[in-house]
Amino acid sequence: MARARGNQGRKGERGGRGVREPVVRDVDGGLAELIPDRERPAGWTLFLDGAPQSHVDLDDPAHLSFEYQRRIGHVLDLAADPGRPVQAVHLGGGALTLARYLAATRPRTTQQVVERDGPLVELVRSALPLDPGARIRVRTADAREALGRLPDDWADVLVADVFSGARTPAHLTTTEFLAEVRRVLRPTGCYVANLADGPPLAYLRGQIATAAAVFPELALVADPAVLRGKRFGNAVLAASARPLPVAELTRRAAGDPHPGRVEHGRALVAFAGGAAPVKDAAAKASPAPPPSVFR
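Residues numbered from 1 in each chain as written. Predicted model: local features only at pLDDT ≥ 70, side-chain atom pairs only at ≥ 80, totals over all residues. Heavy atoms only, no water.

Draft legend 1. Region of the structure containing the sheet that holds strand β5 (residues 87–91). Strand order across the open sheet formed by eight strands is β7-β6-β5-β8-β9-β11-β10-β12, with mixed pairing between neighbours. Taken across any chain shown, the strands that pair with only one partner, and hence form the sheet edges, are β7 (135–139) and β12 (261–264). The mean angle between the axes of side-by-side strands here comes to 15 degrees, regardless of whether they run parallel or antiparallel. Note that strand β10 (residues 217–222) and strand β11 (residues 233–240) share six bridges and pair antiparallel. Looking across to β11, one finds that E217 is bridged to S240. (Pairing = 2+ DSSP bridges. Helix = DSSP H or I, 4+ residues; strand = E, 2+ residues; numbered from the N terminus. Axes fitted to C-alpha atoms, helices over the stretch in contact; angles between N-to-C directions.)

Below is the structure:
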């Protein structure tokens, strides 16, 4: 990914139509930069230590720019009847892109966002304010600890998009973690996770095996080049206790500007290649992306 550069102008202008400057702050996770989008007058991209994390359009929160966020958006669209409010949990906040998306596409949705980086939350809420009518509660806490405090059968959807230093923490990669996810989800609920890996895809295969140990229904969406182990990239994993809308998810992923492929059923089991589920005792963080990913 190429690093974006913003226009120059009045410093600190928020979401306006005029010239805007980047907003830069030190946060717990490193150097946070909000870079104006030259093509969208109210668009901003959040970078952490040079790695692109989120994109937000304050005028059009239903716009999803990043490939992986579009794919998560498809899963969220198909999680319930169109426009129906849901209860959602987001582990990892970033610029609150997906919470804004659900608030725009499913009005009256109740959402809890968990983000460990308090200074990042303050920056995002100040520079990219939420719609005051959105039912979004943001909590500063560790994702797994916060998940453990949520009641049983509370959420219709649970999104995991947690990265620390461009790596998913080890304690969010295990069967014990996913058992807590399933406890918090309603029986018809859906879990969706952003996973990042590259050749030889050992981490991704392990995560599929881990999810399969907890959920009976899985689907994976990714760029075909990532699935073939040709490059490092994102893969979106959906899991549920009920059958997933694989046909419609496949159609939507194929119609994206950067088409994705959906694997499920026996093909996904074969892709996992006999990998073992990950337990707390042996968990490791996801692999770090090569520097070339962000050039």
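Draft legend 2. Looking closely at the packing of helix α6 (residues 202–212) against helix α9 (residues 265–272). Where α6 meets α9, the closest approach of the two axes is 8 Å, and the angle between their N-to-C directions is 130 degrees. For the element pair α6 / α9, the angle class is oblique. Where α6 crosses over α9, the handedness of that crossing is left-handed. Facing α6, whose interface residues are L204, R205 and I208, α9 presents L268, F271 and A272. For the contact of α6 with α9, the per-class residue count stands at five nonpolar, no polar and one charged. (Parallel < 35°, antiparallel > 145°, perpendicular 65-115°, else oblique. Left-handed = near helix turned anticlockwise from the far one by under 90°. Contact = heavy atoms within 4.5 Å. Nonpolar A, V, L, I, M, F, W, Y, C, P; charged D, E, K, R; others polar.)

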